[in-house]
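Chain by chain, the residues:
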Amino acid sequence: MSQNNLEHLLVKNRQWAQRIKDDDPSFFQQLSSQQKPRYLWIGCADSRVPCTQLVDLLPGEMFVHRNVANLVIHTDFNCLSVMQYAIDVLQVEHIIVCGHYRCGGIQAALQNQQFGLIDNWLRHVQDVIAKYKNYLDKFVTEQERLDQLCELNVIEQVFNVCENTLVRHAWNRGQKLSVHGWIYGVEDGLLRDLSLNVSSIEEMKSSVHHLFTKTGLI
Ligand code: CO
């Protein structure tokens with residue numbers, strides 16, 4: 001057996017599946033016929049933010065899209081396809097946009113670090129920096145600015161979700177759907193609610209107004 005093989009992961013998988021079957025012998029059989037998750041998670045690809053693990057959910061309970069810096073870009077058909085399937089077909093009730101502190105993508109954007117192709121993706125974060133520059137400049141330390149930017153980026157992505165036609169159409173037809181902004185602390189394993197829970201266009205407008213007032217944009 002090669003030392004480079006991944007047998008240890010396959011062994012762990014068999015042990016994990018067995019543990020679940022010990023609790024509920026028909027768990028996987030029942031799950032194989034359908035999924036009915038109530039949540040769509042849009043989060044960062046960072047290995048320290050294993051979404052279903054940190055909210056202690058089982059397979060079948062959360063639909064997931066992850067990318068670097070948890071961005072929701074209006075023309076990203078990967079993210080849009082996940083959202084469309086989750087909203088229209090699975091009819092999830094909650095979309096959780098979750099960022100995290102110490103995000104390498106956010107840090108690279110803030111410090112203008114060069115990593116190659118990904119710099120283009122992170123231009124979207126630099127758009128957020130440009131928009132809130134005056135507000136971010138009020139924070140003295142780099143760490144404070146980084147923390148603030150991680151939070152602002154989540155809030156901006158929540159608004160991007162809400163402004164999307166998929167969500168707007170769902171609200172227009174009376175579908176129950178809420179969009180939430182959360183941030184995760186990789187240093188303590190805890191999620192924080194950014195007090196952003198949006199269930200209608202009116203709520204979104206008042207959240208935008210609140211943020212723009214807080215950050216001095218209006
Ligand atoms: Co990250």
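Scroll up to find the structure this text is about.
Predicted model, so just to flag it, every value in this text is computed and none were measured.

Visitor: Give a detailed account of the coordination of the cobalt ion, specifying residues and quantitative values.
Guide: The protein atoms that coordinate the cobalt ion are Cys44 (SG), His100 (NE2) and Cys103 (SG), at distances spanning 2.0 to 2.3 Å. Mapping the donors of the cobalt ion onto the primary sequence gives the spacing C-x55-H-x2-C. Placement of Cys44 in strand β1 (residues 39-44) and of Cys103 in the loop between β3 (94-100) and α5 (104-110) is noted, with a sequence separation of 59 residues between them. The exposure classification of Cys44 matches that of Cys103, with both residues buried.

Visitor: Go over the nonpolar core, please, and point to the residues and values.
Guide: One broad trend across soluble globular proteins is that nonpolar side chains are buried collectively. Within the largest apolar cluster, 56 residues are counted, with the highest numbers of intra-cluster contacts made by Leu40, Met83, Ile95, Val158 and Val161. Ranked by residue count, the leading element in this core is helix α9 (residues 142-163), at ten residues. Among residues more than four places away in sequence, those in contact with Val161 are Ile42, Val72, Met83, Ile95, Val97, Val167 and Val179. Formed by seven residues, the second largest nonpolar core is a distinct cluster that contains Trp41, Val49, Met62 and Tyr184.

Visitor: Mind laying out the sheet that holds strand β2 (residues 62-67), listing which residues take part and the relevant values?
Guide: With respect to topology, five strands assemble into an open sheet ordered β2-β1-β3-β4-β5, the strand pairing being mixed. Both outer strands of the open sheet, β2 and β5 (190-198), are each paired with one neighbouring strand and no more. Each neighbouring strand pair of the sheet contributes to a mean axis angle of 20 degrees, computed without reference to strand direction. As defined by bridge partners, strand β4 (residues 178-185) adjoins β5 across seven bridges and the pair is classed as antiparallel.

Visitor: Residue-level account of the packing of helix α7 (residues 123-131) against α9, with values.
Guide: Running from N to C, α7 and α9 point in directions that differ by 105 degrees, and their axes come no closer than 10 Å. With respect to each other, α7 and α9 are oriented roughly perpendicular. Across the interface between the two elements, Val125, Val128, Ile129 and Lys131 from α7 touch Leu149, Leu152, Asn153, Glu156 and Gln157 from α9. Each residue belonging to the contact of α7 with α9 can be placed in one class, and the counts come to five nonpolar, two polar and two charged.

Visitor: Give a description of unusual backbone geometry that names residues and reports values.
Guide: Its identity as a non-glycine residue notwithstanding, Ala69 has a phi of 75 degrees, on the positive side. In this structure Ala69 comes out as buried when scored by relative accessible area, which is 0%. For Gln91, which is not glycine, the phi dihedral falls at a positive 55 degrees. Relative to the helices and strands, Gln91 resides in the loop between α4 (77-89) and β3.

Visitor: Describe the pairing of β3, and please don't skip the residues or the numbers.
Guide: Burial analysis of β3 places six of its seven residues in the buried class, which makes it a mostly covered element. Here β1 pairs with β3 via five bridges, running parallel. Counted as the bridge partner of Tyr39 is His94 from β3. Pairing of β3 with β4 involves seven bridges; the strand directions are parallel. Note that in β4 the partner of Gly99 across the bridge is Ile183.

Visitor: So what's going on with the side chain of His100? Residues and values would help.
Guide: Tracing the backbone through its elements, the reader meets His100 in strand β3. For His100, a relative accessible area of 1% gives the class buried. Residue contacts for His100: discarding those within four places in its chain leaves Cys44, Asp46, Arg48, Val49, Asn70, Cys150, Ile183, Tyr184 and Val186.

Visitor: Describe the side chain of Glu151, and please don't skip the residues or the numbers.
Guide: For Glu151, the position within the fold is in helix α9. For the buried residue Glu151, which engages in no salt bridge, the nearest side chain bearing the opposite charge is Lys214, 5.2 Å off. At 2.5 Å, the side chain of Glu151 forms a polar contact with the side chain of Tyr101. Non-local contacts of Glu151, meaning those with residues more than four positions away in its chain, are made with Tyr101, Ile183 and Leu194.

Definitions and limits used
- Residues numbered from 1 in each chain as written.
- Predicted model: local features only at pLDDT ≥ 70, side-chain atom pairs only at ≥ 80, totals over all residues.
- Heavy atoms only, no water.
- Donors = N, O, S within 2.8 Å, 3.2 Å for Na, K, Ca; no water.
- Helix = DSSP H or I, 4+ residues; strand = E, 2+ residues; numbered from the N terminus.
- Buried < 20%, exposed > 50% of the residue type's maximum accessible area, 1.4 Å probe, protein only.
- Core = buried A, V, L, I, M, F, W, Y, C linked by side-chain atoms within 4.5 Å.
- Contact = heavy atoms within 4.5 Å.
- Pairing = 2+ DSSP bridges.
- Axes fitted to C-alpha atoms, helices over the stretch in contact; angles between N-to-C directions.
- Parallel < 35°, antiparallel > 145°, perpendicular 65-115°, else oblique.
- Nonpolar A, V, L, I, M, F, W, Y, C, P; charged D, E, K, R; others polar.
- Lys, Arg positive; Asp, Glu negative; His and termini not counted.
- Salt bridge = Lys/Arg side-chain N within 4 Å of Asp/Glu carboxyl O.
- Polar contact = N/O pair within 3.5 Å; in protein donor to acceptor, adjacent residues only side chain to side chain.

The quantities given are spatial measurements derived from coordinates; they are silent on function.
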